[in-house]
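Below, each chain spelled out in residue letters.
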Amino acid sequence: MNFFSLICIEAKKLRRSKILWILTAAAFLLWLPSVLNAHLNFEMQAEGISPEHNFLIQGF
């Protein structure tokens, strides 16, 4: 067996297992609330923090 045939076999297994649909759904569910609440990232003036620093603080 060469490397290409092994890749093809693994691709078939992924397609049959439907795991990619489950992973896509999970990523979408995590992404959706952040998109719906995106306006909150730009309303930080009441707290005295700019959006750039907000992302910096969230990174820590």
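Residues numbered from 1 in each chain as written. Predicted model: local features only at pLDDT ≥ 70, side-chain atom pairs only at ≥ 80, totals over all residues. Heavy atoms only, no water.

Novice: Whenever I open this one, the overall build of the chain confuses me. Can you help?
Specialist: Helix and strand content of the chain: 3 helices and 0 strands. N-terminal to C-terminal, the α/β element order of the chain is α-α-α. The buried share of the chain, taken over its 60 residues, is 10%. (Helix = DSSP H or I, 4+ residues; strand = E, 2+ residues; numbered from the N terminus. Buried < 20%, exposed > 50% of the residue type's maximum accessible area, 1.4 Å probe, protein only.)

Novice: Help me understand the pattern of salt bridges in this model?
Specialist: Note on pairing: side chains with opposite charge can pair once their charged atoms come close. The full count for this structure, using the stated rule, is 1 salt bridge. Taking the shortest distance from any N to any O, the salt bridge between Glu-10 and Lys-13 comes out at 3.0 Å. Of this pair, Glu-10 and Lys-13 both sit in helix 1 (residues 3-17), 3 residues apart, roughly one helical turn. A relative accessible area of 42% places Glu-10 in the partly exposed class. When its relative accessible area of 46% is taken as the criterion, Lys-13 is described as partly exposed. (Salt bridge = Lys/Arg side-chain N within 4 Å of Asp/Glu carboxyl O.)

Novice: How do you make sense of the packing of aromatic side chains when you look at a structure like this?
Specialist: Two measures describe an aromatic ring pair: the distance that separates the ring centres and the angle between the ring planes. Throughout the structure, instances matching the rule amount to 1 aromatic pair. A centroid spacing of 5.8 Å and a plane angle of 45 degrees characterise the contact between Phe-28 and Trp-31, whose relative ring orientation is tilted. One end of the pair, Phe-28, and the other, Trp-31, are both in helix 2 (residues 19-36), 3 residues apart, so they sit about a helical turn from each other. According to the relative accessible area criterion, Phe-28 is partly exposed, its value standing at 43%. Trp-31 gets classed as partly exposed once you look at its relative accessible area, which sits at 48%. (Phe/Tyr/Trp six-rings, centres within 6.5 Å; stacked < 30°, edge-to-face > 60°.)

Novice: Explain the confidence of the model for the chain here, please?
Specialist: Keep in mind that low pLDDT regions are not for reading the predicted coordinates in detail. The pLDDT averaged across the chain works out to 79; a share of 67% of its residues lies at or above 70. At the level of individual helices and strands, the chain shows its lowest average pLDDT in helix 3 (residues 51-59), which scores 62, and its highest in helix 1, which scores 92. (pLDDT = per-residue confidence, 0-100.)

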